[in-house]
Amino acid sequence: MPLYAYRCADCADFEVQARMGSARDTEPCPVCGSAAARKFTAPNLSRASSSAYKLIESTARSASDPAVVSSPGGRNSPNERNQAGPRITRNPLHRKLPRPD
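Things to note about the pairing of strand 2 (residues 13-17)
Along any regular strand, the residues point their side chains to alternate faces of the sheet.
Step number 1: Bridge count for strand 1 (residues 3-7) against strand 2 is five bridges, and the pairing is antiparallel. By the bridge assignment for strand 2, Ala 5 is matched with Glu 15.
Step number 2: Hairpin connection of strand 1 to strand 2: five residues between the antiparallel strands.

So, the packing of aromatic side chains
Step number 1: Going through the model one piece at a time under the given rule, you end up with one aromatic pair.
Step number 2: Aromatic pair Tyr 6 and Phe 14: ring centres 5.8 Å apart, planes at 20 degrees, arrangement stacked. Note on accessibility: Tyr 6 and Phe 14 belong to one class, buried.

Comments concerning the pairing of strand 4 (residues 35-39)
Step number 1: Alignment of strand 1 against strand 4, held across three bridges, turns out to be antiparallel. Residue pairing across strands places Ala 5 opposite Lys 39, the latter belonging to strand 4.
Step number 2: With three bridges connecting them, strand 3 (residues 26-28) and strand 4 associate as antiparallel partners. Counted as the bridge partner of Glu 27 is Ala 36 from strand 4.

A closer look at the confidence of the model for the chain
The predicted coordinates should not be examined in detail at positions where pLDDT is low.
Step number 1: Averaged over all residues, the pLDDT of the chain equals 78, while 79% of them reach at least 70.
Step number 2: The secondary-structure element of the chain with the lowest mean pLDDT is helix 2 (residues 78-81), recorded at 53, while strand 4 shows the highest, at 92.

What counts and how
Residues numbered from 1 in each chain as written. Predicted model: local features only at pLDDT ≥ 70, side-chain atom pairs only at ≥ 80, totals over all residues. Heavy atoms only, no water. Pairing = 2+ DSSP bridges. Helix = DSSP H or I, 4+ residues; strand = E, 2+ residues; numbered from the N terminus. Phe/Tyr/Trp six-rings, centres within 6.5 Å; stacked < 30°, edge-to-face > 60°. Buried < 20%, exposed > 50% of the residue type's maximum accessible area, 1.4 Å probe, protein only. pLDDT = per-residue confidence, 0-100.

Rendered as structure tokens:
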């Protein structure tokens, strides 16, 4: 449900949660009880997609709970040494990445 902002002449601004289209022009102030006029504000619209939200959330999580590794990178583990040749990705997006010389 959307939040509607109201401004009391005597107190601070406050917000009321109501169904869309059912907000009244005046609302009683929760502090003093006088009628507060509805204040028009910009809507809080997001332009990010759900995949962007997932990336933001995973980044925030990794800042507080970093991934723990069992060994330092750079050396091949015994399991990787037994594999024949380098691992090849099949993702078509990886073709656009720069290649080392």
